[in-house]
Amino acid sequence: MAAAKPKRTPEEIKARRKLERAIRRKLPDALHCSFCGKSQVEVEKLIAGPFVFICNECVAMCNDVIAARPIPDNGYTKPLERPTEQLLSLMGSVNYAADASRDFLQQVVDTLRSREVSWADIGQTLGVSRQSAWERFS
Ligand SMILES: [Zn+2]
């Protein structure tokens with residue numbers, strides 16, 4: 001019951017390849033808003049950030065929050081209440097975000113270590129022991 005691959009314009013194919021080169025990771029077939037869980041085919045625009053995506057509808061909601069305006073009821077469906085096929089498709093985006101975030105965390109730790117930050121300080125920041133930080137990231 002795998003979800004059908006969305007049809008892509010040449011511009012989307014080019015943008016995906018560019019993003020995949022930048023993040024050195026293959027994107028899932030379907031991309032989803034990290035805030036509401038809607039797929040790229042359900043929204044007008046999906047904006048890529050580092051390991052996350054946000055749709056035009058969530059940007060509009062954020063603008064309402066920032067402006068202290070009442071938030072309209074846009075028929076939001078909690079991601080886990082979506083039909084099975086949509087949830088299967090969403091799983092690819094969630095897996096991508098989790099893997100990419102884990103890789104980025106490793107890069108942050110590697111950078112801190114190259115700056116001679118101690119395992120004790122890294123562990124303390126992460127709420128784990130020096131030994132646990134070393135075992136997880138070295
Ligand atoms: Zn959204």
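Up top is the structure.
This report concerns the structure included in the present document. (Residues numbered from 1 in each chain as written. Predicted model: local features only at pLDDT ≥ 70, side-chain atom pairs only at ≥ 80, totals over all residues. Heavy atoms only, no water.)

## Concerning the coordination of the zinc ion
Worth spelling out the cut-off: Metal coordination here is assigned from N, O and S atoms located within 2.8 Å of the ion, or within 3.2 Å for Na, K and Ca; omission of water means that sites may look incomplete. The geometry test gives tetrahedral to four donors whose angles all lie between 85 and 135 degrees, gives square planar to four donors and octahedral to six donors whose opposite members are over 155 degrees apart with all other angles between 65 and 115, and gives irregular to the rest. A run of DSSP states H or I qualifies as a helix once it reaches four residues; a run of E qualifies as a strand once it reaches two. Both are numbered from the N-terminal end. Three exposure classes are used, based on accessible area relative to the maximum for each residue type with a 1.4 Å probe and protein chains only: buried under 20%, partly exposed in between, and exposed over 50%.
Coordination of the zinc ion by the protein is provided by Cys33 (SG), Cys36 (SG), Cys55 (SG) and Cys58 (SG), with metal-donor distances spanning 2.3 Å. Taken together, the four donor atoms coordinating the zinc ion and their angles of 106 to 115° define a geometry best described as tetrahedral. Between consecutive donors of the zinc ion, the numbers of intervening residues give the motif C-x2-C-x18-C-x2-C. Taken together, the residues span a long stretch of sequence, with cysteine 36 in the loop between helix H1 (10-23) and strand S1 (46-48) and cysteine 55 in strand S2 (residues 53-55) at a distance of 19 residues. Per residue, the accessibility class of cysteine 36 equals that of cysteine 55, and both read buried.

## With respect to the side chain of histidine 32
Selection rule: Think of a polar contact as two N or O atoms within 3.5 Å of one another; within protein, one of them needs to be a possible hydrogen donor and the other a possible acceptor, and neighboring residues in sequence only count if both atoms come from side chains. Should any heavy atoms of two residues lie within 4.5 Å, those residues are considered in contact.
Note that histidine 32 resides in the loop between H1 and S1. Residue histidine 32 is classed as buried on the basis of its relative accessible area of 3%. Of note is the side chain of histidine 32, whose polar atom sits 3.5 Å from the backbone oxygen of alanine 30. Excluding residues within four positions of it along the chain, histidine 32 makes contact with Gly37, Lys38, Ser39, Leu46, Phe53, Ser89, Leu90 and Ser93.

## Focus on the layout of surface pockets
Using a probe with the size of a water molecule, rolled over the atoms, empty space left in the structure can be pinpointed. Spelled out, the test is: Space inside and on the surface of the protein is sampled on a 1 Å grid over the protein atoms alone, with a cavity defined as a set of points where a 1.4 Å probe fits but cannot get out and a pocket as an open set with protein on both sides within 12 Å along at least 5 of 7 lines; lining residues have an atom within 4 Å of a point. Grid points are joined across faces, edges and corners, and a volume is the space filled by probe spheres set on the points. Polarity classes work like this: nonpolar for Ala, Val, Leu, Ile, Met, Phe, Trp, Tyr, Cys and Pro, charged for Asp, Glu, Lys and Arg, and polar for all others, with Gly in that last group.
Space inside the largest pocket adds up to approximately 410 Å³. Considering the residues around the largest pocket, the lining is formed by 17 residues, among which Glu12, Ala15, Leu31, Gln40 and Leu46 are closest to the centre. Of all elements in the fold, only H1 and S1 reach the threshold of two or more residues within the lining of the largest pocket. In terms of residue count, the dominant contributor to the lining of the largest pocket is H1 (four residues). Per-class residue counts for the lining of the largest pocket are eleven nonpolar, one polar and five charged.

As far as function goes, none of this settles anything; it's purely spatial.
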